[in-house]
Amino acid sequence: MSTTAQVPPVTSIGVPRITAGFDEYGRLDLLAHQEVHGGFAALSSGELIGLADRIELRGRGGAGFPFARKVRAVLDSCRRQDLPPVIVVNGTEGEPPSWKDKAILTRAPHLILDGAALAAAALDAEEIVIGIADDGIGQSSITAALAERRMPCPTRIVTVPHRFISGEGGALVRGINGEAHIPPGRKVRSSDNGVMGLPTLLSNAETFSQLAIAARLGPWEYNAVGINEEPGTVMLTVGGSSSSPAVVEAPSGTPLMDVLDMCGADIGPGLLVGGYHGKWITAEAAKTVTISRKGFAKVGGTLGAGMLIPIGSKTCPLGEVSQVVQYLAGESAGQCGPCRLGLPDLARAVTLVSLGGNAVDNVRQAAGVVKGRGACSHPDGTSRFALSALEVFAKDVDAHTNGEGCGKSVKGILPLPYTAETGARKLALDWSRCDGHGLCSAVAPEIIRLDSNGFPAFPQTPLPPWLESGARKAVNVCPALALRLDDAKASH
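Below or above, wherever it landed, is the structure these notes cover. Numbers given to residues run from 1 along each chain, matching the order in which its sequence is written. Only residues with pLDDT of 70 or above have their local features reported here, since the model is predicted, and side-chain atom pairs are shown and tallied only from 80 upward, although totals for entire chains, interfaces and linings are computed over all residues. Heavy atoms throughout the structure, all of them, feed into the side-chain values; hydrogens and water do not.

1. Concerning the packing of aromatic side chains
Thinking step 1. Ring geometry is summarised as follows: Phe, Tyr and Trp rings, the Trp one being its six-membered ring, pair when their centres sit within 6.5 Å, and such pairs are stacked at plane angles under 30 degrees, edge-to-face over 60 and tilted between the two. Scanning all chains against the criterion turns up seven aromatic pairs.
Thinking step 2. Taken together, a centroid distance of 6.0 Å and an interplanar angle of 85° make the contact between phenylalanine 67 and phenylalanine 208 edge-to-face. Here phenylalanine 208 lies in helix 9 (residues 205-222) and phenylalanine 67 lies in helix 4 (residues 67-81), a separation of 141 residues in the sequence. Take phenylalanine 67 and phenylalanine 208: they sit in the same class, and that class is buried.
Thinking step 3. On the numbers, 6.2 Å between centres and 80° between planes, the contact of phenylalanine 164 with tyrosine 327 is edge-to-face. Here tyrosine 327 lies in helix 13 (residues 317-330) and phenylalanine 164 lies in the loop between strand 4 (155-160) and helix 8 (169-176), a separation of 163 residues in the sequence. The way it works is that DSSP assigns letters per residue, a run of H or I at least four long becomes a helix, a run of E at least two long becomes a strand, and they are numbered from the N terminus. In this scheme, a residue with accessible area under 20% of its type's maximum is buried, one over 50% is exposed, and one in between is partly exposed, where area comes from a 1.4 Å probe on protein chains only.

Quick look at the structure:
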């Protein structure tokens, strides 16, 4: 299928499981899937829980929540409310650096459907819903796979906006229910009240694929690979400065450097692990890590959703970090003050550090203001990303603060979904006209703030498309006609 061309190459260390057959078939249709993986027996709810417990199956979307506990919670809710459950597969993968779930969607869609079907049959589900991003990647593959087989209950595909926050569990449930694709303003357990108000078992695409593999192998054979505490394989996305970026399936416990060397990674001063809500670790620490939640935790990192992003030795890490924090600030759902207003403050402070300002304390203060105060985990994750960067890139911070700079340019090593090349726009200011009225910051506070002299300050990077309407309002209210919205490529 043509969509597979958009996904990085997929490879494996050791005997492939989820990626079995990729070299021979490219994409596995139903016949190829059955030839490679064979069949499996249906499971009762108790057997499903027992299998998930024995293989220590945890969610592979980032949080790592035990799958068996999710199933128990849904069953308890079903009994308590006398309602049937819904199964939701989260295949949205909204983080720009991540490709592992899209690799499975485009090349092994039947593994995902097998896992969802197992859970649905075991729990006597009302419906299966598969959530994917509206970028088109994987949609034709999963649609074709559904047409090739029968599922144990009605199954539908729902597309959501390809945004960072759209894949958050609560945001996905809201989107499926026809509401705004943003996290709910208060914590809601999908196991109690999810799709259509029914108890909902929600996990990501890789998790259901691992369940399908385990149902075929059984717990003993599944646990024969990997480490005892975290058996099986892990799907990883290796990007950044790697000369051969790829999606890699590796047994847990594999040395991190084996994966990075396979992909030709130039680590440089640091490596981002776990994605844009993850943490930076030093190159020295990376040499000691084994691929597992426990392994990353030993060096203060996190496995998260399996993203490994080396910064490289030829790019400015602070410039790259500031662009991502600005992007994450623009990803706010806009429903709580700490996120809507606090994250732009954090972005401005990080940008000031990258430009040579002595603003490290400002970064820490801005991060402290938003941590633990949002309606979802977005402020905490963004703060974690920014603060760990200050620690790992301390030498670069000193060089920038001293006015010398690091001597390296920003190259887009940390990917963003919108750039000058994709038609994004950016704000620009005619300083000869600006009188510092401040009206622009009043109508678009999430984008524009006033500096100490009362003049507008805003990111110099391309704007997220969903912030353009606010930027236009700011332009329209400027009485001096000093503010404008330019094509980012033309002003690049």
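On we go.
2. Focus: the packing of helix 16 (residues 360-370) against helix 17 (residues 378-392)
Thinking step 1. Packing of helix 16 against helix 17 leaves a shortest axis separation of 9 Å and a crossing angle of 160°. Taken together, helix 16 and helix 17 sit at an angle that is classed as roughly antiparallel. In terms of crossing hand, the pair formed by helix 16 and helix 17 is left-handed. Touching Val360, Val363, Arg364, Ala367 and Val370 of helix 16 are Pro379, Asp380, Ser383, Leu387 and Leu390, all from helix 17.
Thinking step 2. Residue classes in the contact of helix 16 with helix 17 are distributed as seven nonpolar, one polar and two charged. Angular values range over 0 to 180 degrees, each being the angle between N-to-C directions of two axes fitted as lines to C-alpha atoms, with helices fitted over their stretch in contact. Orientation labels follow simple angle bins: below 35 degrees gives roughly parallel, above 145 gives roughly antiparallel, 65 to 115 gives roughly perpendicular, and whatever is left gives oblique. Each crossing gets its handedness from the near helix: less than a right angle anticlockwise from the far helix is left-handed, clockwise is right-handed. Working rule for contacts: check all heavy atoms of both residues, and any pair within 4.5 Å makes them a contact. Following the grouping adopted for this structure description, the nonpolar residues are Ala, Val, Leu, Ile, Met, Phe, Trp, Tyr, Cys and Pro, the charged ones are Asp, Glu, Lys and Arg, and the polar ones are all others, Gly among them.

3. Some details on unusual backbone geometry
Backbone geometry follows two general trends: most residues other than glycine have a negative phi, and most peptide bonds adopt the trans configuration.
Thinking step 1. For glutamate 56, which is not glycine, the phi dihedral falls at a positive 55°.
Thinking step 2. Among the residues examined, glutamate 56 registers a relative accessible area of 41% and is labelled partly exposed.
Thinking step 3. Look at glutamate 93: it is not a glycine, yet its phi comes out positive at around 45°.

4. A word on the side chain of glutamine 210
Thinking step 1. Here glutamine 210 lies in helix 9.
Thinking step 2. Judged by its relative accessible area of 0%, glutamine 210 is buried.
Thinking step 3. Setting aside anything within four residues of it in sequence, one finds glutamine 210 in contact with Ile18, Leu57, Arg60, Tyr222 and Thr233.

5. A few points about helix 7 (residues 139-147)
Thinking step 1. Turning to helix 7, its buried residues number three or more, namely Ser141, Ile142, Ala145 and Leu146. Buried residues along helix 7 cover an arc of 130° about the axis, so they all sit on one side. Regarding the arc, it is the one traced by the directions from the helix axis to the C-beta atoms.

6. Side note on the nonpolar core
Thinking step 1. Core analysis: the largest hydrophobic core is formed by 56 residues, its most contacted members being Phe67, Val71, Ile87, Ile128, Ile130 and Leu201.
Thinking step 2. Contributions of two or more residues to this core are made by helix 3 (45-54), helix 4, strand 2 (86-91), helix 5 (100-107), helix 6 (109-123), strand 3 (127-133), helix 7 and helix 9.
Thinking step 3. If sequence neighbours within four positions are ignored, isoleucine 130 has contacts with Val89, Leu113, Ile142, Leu146, Thr155, Arg156, Ile157 and Val158.
Thinking step 4. In plain words, nonpolar cores are sets of buried Ala, Val, Leu, Ile, Met, Phe, Trp, Tyr and Cys residues tied together by side-chain atoms within 4.5 Å. Counting residues in each nonpolar core, the second largest holds 44 residues, with Trp280, Ala305, Ala347 and Phe393 among its members.

7. Topic: the packing of helix 6 against helix 7
Relative orientation and spacing of two packed helices are given, respectively, by the angle between their axes and the distance between those axes.
Thinking step 1. Viewed as axis vectors pointing N to C, helix 6 and helix 7 meet at an angle of 60°, and their least axial separation amounts to 9 Å. Classified by the angle their axes make, helix 6 and helix 7 are oblique. Seen from above, helix 6 lies across helix 7 with right-handed handedness. Between helix 6, through Pro109, His110 and Leu113, and helix 7, the contact on the second element is made entirely by Ser141, Ile142, Ala145 and Leu146.
Thinking step 2. Across the contact of helix 6 with helix 7, the residue classes break down as five nonpolar, two polar and no charged.

8. Here's the deal with the pattern of salt bridges
Thinking step 1. Should a side-chain nitrogen of Lys or Arg be within 4 Å of a carboxyl oxygen of Asp or Glu, the pair is scored as a salt bridge. Taken as a whole and judged by the stated rule, the model has 21 salt bridges.
Thinking step 2. Taking the shortest distance from any N to any O, the salt bridge between arginine 60 and glutamate 206 comes out at 2.9 Å. With a gap of 146 residues between them, arginine 60 in the loop between helix 3 and helix 4 and glutamate 206 in helix 9 connect regions that are remote in the sequence. Residues arginine 60 and glutamate 206 agree in their burial class; the two are buried.
Thinking step 3. The closest approach of N and O atoms between lysine 100 and glutamate 206, which form a salt bridge, is 2.9 Å. One end of the pair, lysine 100, is in helix 5; the other, glutamate 206, is in helix 9, and 106 residues separate them in sequence. As far as burial versus exposure is concerned, lysine 100 and glutamate 206 are alike and both buried.
Thinking step 4. In the salt-bridge network here, residues are joined through shared partners; they are Arg60, Lys100, Asp101 and Glu206.

9. Details of the sheet that holds strand 5 (residues 200-204)
Thinking step 1. With parallel pairing, four strands are arranged side by side in an open sheet as 4-3-2-5. If you trace the sheet from one side to the other, it starts and ends with strand 4 and strand 5, each paired once. Taking each pair of neighbouring strands and ignoring which way they run, the sheet shows an average axis angle of 20°.
Thinking step 2. Strand pairing follows a simple DSSP-based rule, namely that at least 2 bridges must link the two strands. Bridge count for strand 2 against strand 5 is five bridges, and the pairing is parallel. In the sheet register, valine 86 faces strand 5, and the bridge partner there is threonine 200.
Thinking step 3. Running over the sheet, helix 9 touches strand 2 and strand 5 and is turned about 95° from strand 5.

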